[in-house]
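Structure at a glance
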Amino acid sequence: MHPLLRIQDLSIDFISSAGNTRALKSISFTVQKGEIVALVGESGSGKSVTSLAVLQLLPSPPAVYAGGSILFSEDGSEPVNMLKTGRQTLQDIRGNKIAMIFQEPMTSLNPVITCGEQIMEAILSHKKISDAQARQQALEWMEKVKLPNPVALFKRYPHQLSGGQKQRVMIAMAMCCEPSLLICDEPTTALDVTVQKTILHLIKELQQQSGMGVIFITHDLGVVAEIADRTLVMYKGEIVEENPVRQLFTHPQHAYTKGLLACRPVLHRKGERLPVVSDFLNNQEKIPVPGAEEKTTGTPKPSNQDVLLRTDHLSVWFPSERTFFGKTTRFTKAVNDVSFDVYKGETLGLVGESGCGKTTLGRTLLRLIAPTSGSIYYEGKDFTSISKQDMRSLRKELQIVFQDPYSSLNPRLTIGSAIAEPLKVHRLLASEKSRRERVTELLEKVGLQPEHFNRYPHEFSGGQRQRIVIARALALNPSFIVCDESVSALDVSVQAQVLNLLNDLKKEFGFTVVFISHDLSVVRYISDRIMVMNKGQIEETGEAEEIYNQPKSAYTQRLIAAIPRGF
């Protein structure tokens, strides 16, 4: 009896003008029917390359299969070697016997075709049935994945759905032909913890109903504990550890696995320096121990209660419906009558699900979005009504670190020029030499090298790009910074590095931070106080530990209960 999937000694190279890169190095593993196998590792470890190789979705060139085999057996009989089978057989297997859910549903769904028609298309590609039957099956699958009002959503386009709803459409498309093997490539990475929990439960429920095998790819070991039976840990194209999930959490063997487990903020008190993977790989006998006082890196809680920024009945409304003549008849109340204080030197965490108004509020605090009503006082001065010229001079004090560093850096500017640009705009440091010295100093402060000055954004990893954006924000020595989901797209170890960096820089420069995130475990680790937002309003505010350990609001309790914690 053959396993559902057997990968044997698989090696894959990527060929470029710069030379050959071996992405996978003789990896071997099996997946049985009814089993969920998790592939875990940081970006670049080879997880996604492995999953794409199964369905022959890697472009060739540059990908070259240097050796090995991928054997698929739907019913335990003689397996098909996916690397040697014909195009027609592959077409019959893809989406039918082996299906895949991709990380980013917005780029995976066709923006000009309704969600229902896209599910129908997947069904009609592999089943000889009428359009009416395909439509009925599509509606049934929309119901099975718990989409609200399937008849209405059938006619909607992807941009009209939330992130969680789009991912459910992707799951319906993958499941509609009832595959034997489902590959999930980071399907919950960009989702809120509450939506993530429902998607994980949905995948598990569908897997138990159908008895299919699942390969679940993620960089978050907390998610693995929620869903997987067995875990494979990948590092630099190799499988360095394979164990049942509980054993992996309680008795990890490889130093890399120990590092991934240890650097999650949920395990650490505020102020503890987070360990990173390199601590374990380079110097295993001197691994930081959670709770050790010498590890403290965070800033002490500010003793003064001086208010740096205050909002008074702040509202930001966007028109959602208009009459034929352009008169607005309905508004989306992104921020609705919000009042709060931000104290000098503190880190205020702002948490909530997608669409609750966090990002809108953060950008409104910097006057990047104009408020509909209300006031924002900075050091006692209402800057909602000041002139553009006065606002321009105030910009030096107010900075933002965006979620995606790649899209917030100009790809045509070297990073040295990008960091120096604010200095030029505000006419600080008159000479080119003094500006270059300031940029070099900033690069060193964020853990980069002076020789990086003339490199472009695409030459850096995600974590390095986030360091560059932080350096640019610090160039003008601001007193107030908004970090908008600035670590949510990073691997857990890179996230730990950036959080350590923010704590170190805050201690040195003394700036005030509003830290926006949907992940309460990260916010609890870095914040002095937490403010929870729900549907444009403040749900709850309090000390970080108090909100995390003793939440009063049912909404906050639900957010905390959804955090994946492991064993």
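Residues numbered from 1 in each chain as written. Predicted model: local features only at pLDDT ≥ 70, side-chain atom pairs only at ≥ 80, totals over all residues. Heavy atoms only, no water.

Right, let's get into the sheet that holds strand β8 (residues 213-218). Overall, mixed pairing links the 6 strands, which are arranged β6-β7-β8-β3-β9-β10 in an open sheet. Where the open sheet ends on each side, the last strands, each with one partner, are β6 (98-101) and β10 (238-244). On average, adjacent strands in this sheet sit at an angle of 20° to one another, irrespective of strand direction. Sheet topology places strand β9 (residues 230-235) next to β10; 6 bridges connect them, and they run antiparallel. Looking at β10, one finds that leucine 232 is bridged to glutamate 242. Set on the sheet, helix α1 (residues 47-54) makes contact with β3 (36-40), β6, β7 (181-185), β8 and β9; between it and β7 the angle comes to about 150°. Sheet strands touched by helix α7 (residues 163-175): β6 and β7. Its angle to β6, the strand with the most contacts, is close to 175°. (Pairing = 2+ DSSP bridges. Helix = DSSP H or I, 4+ residues; strand = E, 2+ residues; numbered from the N terminus. Axes fitted to C-alpha atoms, helices over the stretch in contact; angles between N-to-C directions. Contact = heavy atoms within 4.5 Å.)

Here the focus is the domain arrangement of the protein chain. The domains assigned to the protein chain are domain 1 (30-60 + 71-267) and domain 2 (308-319 + 331-562). Computed over C-alpha atoms, the centres of domain 1 and domain 2 are 33 Å apart. Every contact between the two is made by 13 residues of domain 1 and, on the other side, 21 residues of domain 2. Of the roughly 1500 Å² buried between domain 1 and domain 2, counting both surfaces, carbon and sulfur atoms make up 55%. At the boundary of domain 1 with domain 2, the tally comes to 0 salt bridges. Our enumeration of links across domain 1 and domain 2 arrives at 5 residue pairs in polar contact (both at pLDDT 80 or more). (Domains from an automatic or database assignment. Buried area = accessible area lost by both parts, 1.4 Å probe. Salt bridge = Lys/Arg side-chain N within 4 Å of Asp/Glu carboxyl O. Polar contact = N/O pair within 3.5 Å; in protein donor to acceptor, adjacent residues only side chain to side chain.)

In this section: the pattern of salt bridges. Following the criterion strictly, the structure yields 21 salt bridges and no others. The partner of arginine 269 in a salt bridge is glutamate 272, with the nearest N and O atoms 3.5 Å apart. The exposure class of glutamate 272 is buried, given its relative accessible area of 3%. Here lysine 445 and glutamate 508 are joined by a salt bridge, their closest N and O atoms 2.5 Å apart. On the criterion of sequence distance, the pair formed by lysine 445 in helix α16 (residues 432-445) and glutamate 508 in helix α18 (residues 492-509) is long-range, its members being 63 residues apart. Since its relative accessible area comes to 27%, lysine 445 is described here as partly exposed. Judged by relative accessible area, which is 47%, glutamate 508 ranks as partly exposed. Ionic contacts of the salt-bridge type, sharing partners, join the residues Glu35, Arg230 and Glu242 into one network. (Buried < 20%, exposed > 50% of the residue type's maximum accessible area, 1.4 Å probe, protein only.)

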